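Chain by chain, the residues:
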Amino acid sequence: MSQYKYARLDLSLLTLAAVLYNSWPLGYMLNNYTAHNGLMSDLEQTGQPYYWLFILFDVLTGVCAVAASILIWLKLRHGVLTKTWTSCIIGLTLFGFFTIAATTVPAHCSVSAALACGTGSNRGLGLDALFSAIAALGLLASLASACVLGVRYRLGSWLILTARAMLIAWSALGILFCVFALSNGKAAAAQSTQLLFLVAYGLALIVIGLNVYTVFKRGLASSQ
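What this report covers is the structure whose coordinates are included nearby. (Residues numbered from 1 in each chain as written. Predicted model: local features only at pLDDT ≥ 70, side-chain atom pairs only at ≥ 80, totals over all residues. Heavy atoms only, no water.)

The subject of this paragraph is the nonpolar core. Among the nonpolar cores identified, the biggest contains 56 residues, and Ile 72, Trp 85, Trp 170, Ile 208 and Phe 216 are the most heavily contacted of them. For this core, the leading source of residues is helix α8 (residues 187-217), giving 13 residues. Excluding residues within four positions of it along the chain, Trp 85 makes contact with Ile 72, Leu 76, Val 80, Leu 149, Tyr 153, Val 212, Val 215 and Phe 216. (Core = buried A, V, L, I, M, F, W, Y, C linked by side-chain atoms within 4.5 Å. Buried < 20%, exposed > 50% of the residue type's maximum accessible area, 1.4 Å probe, protein only. Helix = DSSP H or I, 4+ residues; strand = E, 2+ residues; numbered from the N terminus. Contact = heavy atoms within 4.5 Å.)

This is the structure:
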């Protein structure tokens with residue numbers, strides 16, 4: 001496969017992942033009550049209208065992210081696989097696999113003294129939250145790697161600044177969402193922040209894709 005085809009396909013996969021991950025606007029049409037009164041993850045709870053569709057979107061998001069990471073590895077496996085590229089690949093893989101895991105884990109599963117499913121006690125750390133946190137760390141690693149790639153390959157000031165701004169914005173929104181989600185009486189703030197955070201997820205995936213696309217398209221991946 002040519003440099004350009006690798007570049008275009010990888011960017012297409014990550015852009016598709018970004019769009020699929022932001023399926024939440026459909027919630028206002030397909031499940032208006034839950035969309036207005038809960039978190040967007042509630043749309044995936046068994047018994048909610050069209051819950052299977054929102055699960056499918058997240059699963060496809062994960063598949064696209066993993067496929068993109070495999071493409072990067074295939075392109076670089078016979079060349080120079082630096083620590084930065086390895087971090088980008090592993091990060092996308094973690095994001096993909098654990099996004100799938102978070103959306104498919106049974107409800108009411110938690111990590112407490114022992115793994116418990118279906119207890120309904122709301123005690124312990126929910127597995128979906130744990131898997132989502134691992135997915136977020138994976139995306140963070142890939143986004144940070146994209147910042148480094150921009151500098152290393154001198155991709156242009158706009159790509160470098162965009163990646164850095166996205167890293168700061170995504171991290172800030174993630175912290176705010178966690179604070180509001182864990183605070184009593186902050187449900188409205190948590191919901192609003194979550195929507196911005198989901199958009200930031202999508203933009204982060206596109207930024208990663210743009211940096212990888214530019215490196216591959218210019219044929220720079222094998223130059224360092």
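The contact between helix α4 (residues 51-76) and helix α5 (residues 83-104) brings their axes to 8 Å, and the two run at 160°. It follows from the interaxial angle that α4 and α5 lie roughly antiparallel. Regarding α4 and α5, the two cross each other, and that crossing is left-handed. Taking contact as the criterion, the partners of Ile 55, Asp 58, Val 59, Thr 61, Gly 62, Val 63, Ala 65, Val 66, Ser 69, Ile 72, Trp 73 and Leu 76 in α4 are, on α5, Trp 85, Cys 88, Ile 89, Leu 92, Thr 93, Phe 95, Gly 96, Phe 97, Thr 99, Ile 100, Thr 103 and Thr 104. By residue class, the composition of the contact of α4 with α5 is 15 nonpolar, eight polar and one charged. (Axes fitted to C-alpha atoms, helices over the stretch in contact; angles between N-to-C directions. Parallel < 35°, antiparallel > 145°, perpendicular 65-115°, else oblique. Left-handed = near helix turned anticlockwise from the far one by under 90°. Nonpolar A, V, L, I, M, F, W, Y, C, P; charged D, E, K, R; others polar.)

Our next topic: the layout of surface pockets. For the second largest pocket, the calculated volume is near 190 Å³. In terms of lining residues, the second largest pocket is bounded by 13 residues, among which Leu 39, Lys 186, Ala 187, Ala 188 and Ala 190 are the most central. Only α3 (32-37), α7 (157-181) and α8 provide two or more residues apiece to the lining of the second largest pocket. Here the lining of the second largest pocket gets four residues from one element, more than from any other, and that element is α8. Split by residue class, the lining of the second largest pocket holds six nonpolar, six polar and one charged. (1 Å grid on protein atoms, 1.4 Å probe; cavity = no way out; pocket = protein on both sides within 12 Å on 5 of 7 lines; lining within 4 Å. Points joined across faces, edges and corners; volume = space filled by probe spheres on them.)

If you trace the backbone, Thr 103 turns up in helix α5. Discounting chain neighbours no more than four positions away, the residues touching Thr 103 are Glu 44, Ile 55, Asp 58 and Val 59.

A contiguous nonpolar patch, built from Tyr 50, Trp 52, Leu 56 and Leu 60 and spanning about 390 Å² of accessible area, is present on the exposed surface. Within the secondary structure, Leu 60 sits in helix α4. Classification of Leu 60 as partly exposed rests on a relative accessible area of 34%. (Patch = residues over 30% accessible without salt bridge, like charges linked within 9 Å, V, L, I, M, F, W, Y side chains within 5 Å. Areas by Shrake-Rupley, 256 points an atom, 1.4 Å probe, with all protein chains shown as cover. Salt bridge = Lys/Arg side-chain N within 4 Å of Asp/Glu carboxyl O.)

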